[in-house]
Amino acid sequence: MTLLSYGKSTWEEFIAAYKANSIVYCRASSNSNPASGSQTRMAFMAYVSNADNPTNVEFQYYRSVSSHSATQQGDQVYVYKLDKTAGWSVIVREAYTKIAVGSGLTSSYSNGTLTISLA
């Protein structure tokens with residue numbers, strides 16, 4: 001098994017582990033910059049651009065949000081990407097569909113239930 005570190009490990013380290021058929025994980029922090037602070041998140045390798053000759057790899061970390069609301073109804077998936085030339089990047093994907101009410105409607109969220117009502 002190989003542990004890479006977001007923002008610190010290199011493409012060469014990844015490709016060596018990949019070609020050795022190693023299981024690869026990525027460590028990252030929960031800070032806005034995943035390279036800073038204590039890297040306590042462990043993201044699994046989820047995708048490579050090409051099985052024989054990859055040029056980028058993605059690692060995923062599923063974040064279970066502790067408190068939901070009308071604006072944060074579900075969980076999040078953090079995608080840590082290492083590109084051969086561009087290096088490290090991160091994107092956050094919501095694990096739910098956001099609901100916006102139109103004119104004349106209101107919304108409230110309580111105990112896992114979203115209620116849409118006439119204003």
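Definitions and limits used
- Residues numbered from 1 in each chain as written.
- Predicted model: local features only at pLDDT ≥ 70, side-chain atom pairs only at ≥ 80, totals over all residues.
- Heavy atoms only, no water.
- Helix = DSSP H or I, 4+ residues; strand = E, 2+ residues; numbered from the N terminus.
- Rg over C-alpha atoms; globule rule 2.2 N^0.38 Å.
- Lys, Arg positive; Asp, Glu negative; His and termini not counted.
- Charge placed at Lys NZ, Arg CZ, Asp CG, Glu CD.
- Buried < 20%, exposed > 50% of the residue type's maximum accessible area, 1.4 Å probe, protein only.
- Arc of directions from axis to C-beta.
- Contact = heavy atoms within 4.5 Å.
- Pairing = 2+ DSSP bridges.
- Axes fitted to C-alpha atoms, helices over the stretch in contact; angles between N-to-C directions.

(A) Representation of the overall build of the protein chain in the model. Each helix and strand in the protein chain was counted, giving 1 helix and 8 strands. Ordered by position from the N terminus, the helices and strands of the protein chain form the series β-α-β-β-β-β-β-β-β. For a compact globule of 119 residues, the expected C-alpha radius of gyration is about 14 Å, and the protein chain comes in at 19 Å, more than 25% above that figure. Each principal axis of the C-alpha atoms in the protein chain carries an extent, and together these give about 60 × 30 × 20 Å. Side-chain charges in the protein chain split into 9 positive and 7 negative, and the spacing between the mean points of these groups amounts to 5 Å.

(B) Region of the structure containing helix α1 (residues 11-19). Among all positions of α1, only Trp11, Phe14, Ile15, Ala17 and Tyr18 are buried. Viewed end-on, α1 has its buried residues packed into an arc of 160°, placing them on one side of the element. Of the exposed residues in α1, those oriented more than 90 degrees away from the buried face are Glu12 and Lys19. In this structure, the buried side of α1 is in contact with β1 (2-5), β2 (24-28), β3 (41-48), β4 (56-63) and β5 (76-83). Just beyond α1, the residue with positive phi is Asn21, at close to 60°.

(C) Representation of the sheet that holds strand β6 (residues 87-94). Taken together, 6 strands build an open sheet; the order of strands is β1-β2-β3-β4-β5-β6 and the sheet is mixed. Both outer strands of the open sheet, β1 and β6, are each paired with one neighbouring strand and no more. Each strand axis lies, on average, 35° off the axis of its neighbour in the sheet, ignoring direction. Pairing analysis gives 8 bridges linking β5 to β6, with the strands arranged antiparallel. By the bridge assignment, Gln76 is partnered in β6 with Glu94.

Keep in mind these values describe shape, not function.
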